[in-house]
Amino acid sequence: GWDMPRIGNGPVGIWAYEADSVVIQHCISYRNKTSKGGEDGGGFDLDGGTTNSVLQYNYSHDNDGPGLMICQFAGAGPMSGNIIRNNISQNDGRKNNYAGIALWSEPGPITDSAIYNNTVYISPSGTTQPKAVRAVGANFANVEFRSNILISTGGVRLVYAQSTYGLKFEDNAYWADGGRYSFDWGGVDYASLAAWRVTRQETLDGTPVGYDVDPQLVAAGSGPTINDADRLGSLSAYLLKASSPLIDRGRQGASLFDFYGSILPQGPAYDIGAAEFSLDAPPPPPPPPPPPPIAVGSRVQTVTTATIYGRTSTTSKIKGTQAVSVQGTITAGPDTKNGYTWWTVNFDSGADGWVVAPAIQGAG
């Protein structure tokens, strides 16, 4: 896991490799970590040798690594026929210059794959340089990105492609909240969608396609932590408003439903992004209140399985673990070490000790 002192490959929340016809759907994967000097730490991954498989209707957020990934490694079997569709990624790629959606083809090829009708929101992250989309390697063939919504803030790059061969972007929507657009295409940085079209991306038979407009989502970037996959439909932040310019602007895919379970299409044509606008849809519920702040004396509860340490180091003695939703009281902290914020928690039962902040939140 993320707390192992190793260099190189790391964990991913939900993934498959050397497999065929896998479907990963209606899942949540968040706050996965990678070790110091390690890699990965992502949400979802179709890894080496996976064919004819699908990631769909999933919610990924706040992972160190990519939210959604297709990765081909040396020595793996063929990697083709894979699809990433109708997913939501929020603030993934917190470390190692990763992205909301990532492709990795070193050295083996990724072929005949499609990424469509996803919604990605990405904001800055410390000293790393996240992206909305990142493609590393030079071995792609017939890989398409279409009808996705890519949103960046704070000057974060929208698209990064190390090599430009075999990738095609059409009918996607890009929004740089703050005004700084960046498309790094084969080492050349283009500062606008119009400028990037000189590479023949976002063109169809010579005609410009794609959009650089505010998608007008309900509350992009404010998606909460959801610990029950049956409640994915409550993720109202990524619904389209009635005023969205992306309604009826997408291309037909193979999906029968959108992220929220609405039949496609709802109007005369398909929408762009993970959500299909519907006049018949009930109004989105209000977002849940934020958890109370943490301080010494605060009551807290675990939001994921928490490892309890003897000191503020992931290499210190492990005193035990606590399951999700176990409550306790903060007795010391905060202490910042190795890029993490630590608190001492006296749990109501079981092991007590130091816990990294992402594993706990204030208990109302």
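This text goes with the structure placed above it.
Okay, the overall build of the chain next. Per the secondary structure count, the chain includes one helix and 29 strands. Taken against the 2.2 N^0.38 rule, which gives 21 Å for 364 residues, the C-alpha radius of gyration of the chain at 21 Å falls within 12% of a compact globule. Dimensions of the chain along its principal axes, counting C-alpha atoms only, are 65 × 50 × 40 Å. A total of 364 residues make up the chain; the buried ones form 51% of that total. Taking the contacts inside the chain whose residues are at least 6 apart along the sequence as the reference set, 70% of them involve residues at least 24 apart. Surface exposure of the chain reaches about 15300 Å², of which carbon and sulfur atoms provide 52%.

So, about the environment of leucine 158. Relative to the helices and strands, leucine 158 resides in strand E16 (residues 157-161). For the pair leucine 158 and asparagine 117, spaced 41 residues apart in sequence, the C-alpha to C-alpha distance is 16 Å. The contact partners of leucine 158, leaving out residues within four places of it in the chain, are Ala132, Val133, Leu150, Ile151, Ser152, Tyr174, Trp175, Tyr181, Ser182 and Phe183.

As enumerated under the stated definition, the model contains 11 aromatic pairs in all. Judged by centre distance (5.4 Å) and plane angle (75 degrees), the rings of tyrosine 309 and tryptophan 342 are edge-to-face. Highlighted residues: tyrosine 309 in strand E24 (residues 306-309) and tryptophan 342 in strand E27 (residues 340-347), separated in sequence by 33 residues. On the accessibility criterion, tryptophan 342 (0% relative accessible area) is buried. Among the aromatic residues, ring-to-ring pairing joins Phe145, Phe169, Tyr174, Tyr181, Phe183, Trp185 and Trp196 into one connected group. The ring of tyrosine 160 has lysine 131 sitting right over it, with the charged end atom 5.2 Å from the ring centre.

Strand pairing within a sheet occurs via backbone hydrogen bonds; the two strands may be parallel or antiparallel. Strand order in the open sheet formed by eight strands is E1-E4-E7-E10-E13-E16-E19-E20, and the pairing between neighbours is mixed. Edge strands, defined here as strands with exactly one partner in the open sheet, are strand E1 (12-16) and strand E20 (188-190). Within the sheet, the average angular offset between the axes of one strand and its neighbour, ignoring direction, is 15 degrees. Here E16 runs beside strand E19 (residues 183-185); their pairing, made up of three bridges, is parallel. Of the residues in E19, the one forming a bridge with tyrosine 160 is aspartate 184.

Relative to the elements of secondary structure, threonine 312 occurs in the loop between E24 and strand E25 (318-322). Of the polar contacts made by the side chain of threonine 312, one reaches the side chain of aspartate 335; its length is 3.5 Å. A polar contact of 3.4 Å, which involves the side chain of threonine 312, links it to the side chain of lysine 337. For threonine 312, the contacting residues outside a window of four places in its chain are Asp335, Lys337, Asn338, Trp342 and Trp354.

Definitions and limits used
Residues numbered from 1 in each chain as written. Predicted model: local features only at pLDDT ≥ 70, side-chain atom pairs only at ≥ 80, totals over all residues. Heavy atoms only, no water. Helix = DSSP H or I, 4+ residues; strand = E, 2+ residues; numbered from the N terminus. Rg over C-alpha atoms; globule rule 2.2 N^0.38 Å. Buried < 20%, exposed > 50% of the residue type's maximum accessible area, 1.4 Å probe, protein only. Contact = heavy atoms within 4.5 Å. Areas by Shrake-Rupley, 256 points an atom, 1.4 Å probe, with all protein chains shown as cover. Phe/Tyr/Trp six-rings, centres within 6.5 Å; stacked < 30°, edge-to-face > 60°. Lys NZ or Arg CZ within 6 Å of the ring centre and 35° of its normal. Pairing = 2+ DSSP bridges. Axes fitted to C-alpha atoms, helices over the stretch in contact; angles between N-to-C directions. Polar contact = N/O pair within 3.5 Å; in protein donor to acceptor, adjacent residues only side chain to side chain.

What is shown is where atoms sit, not what they do.
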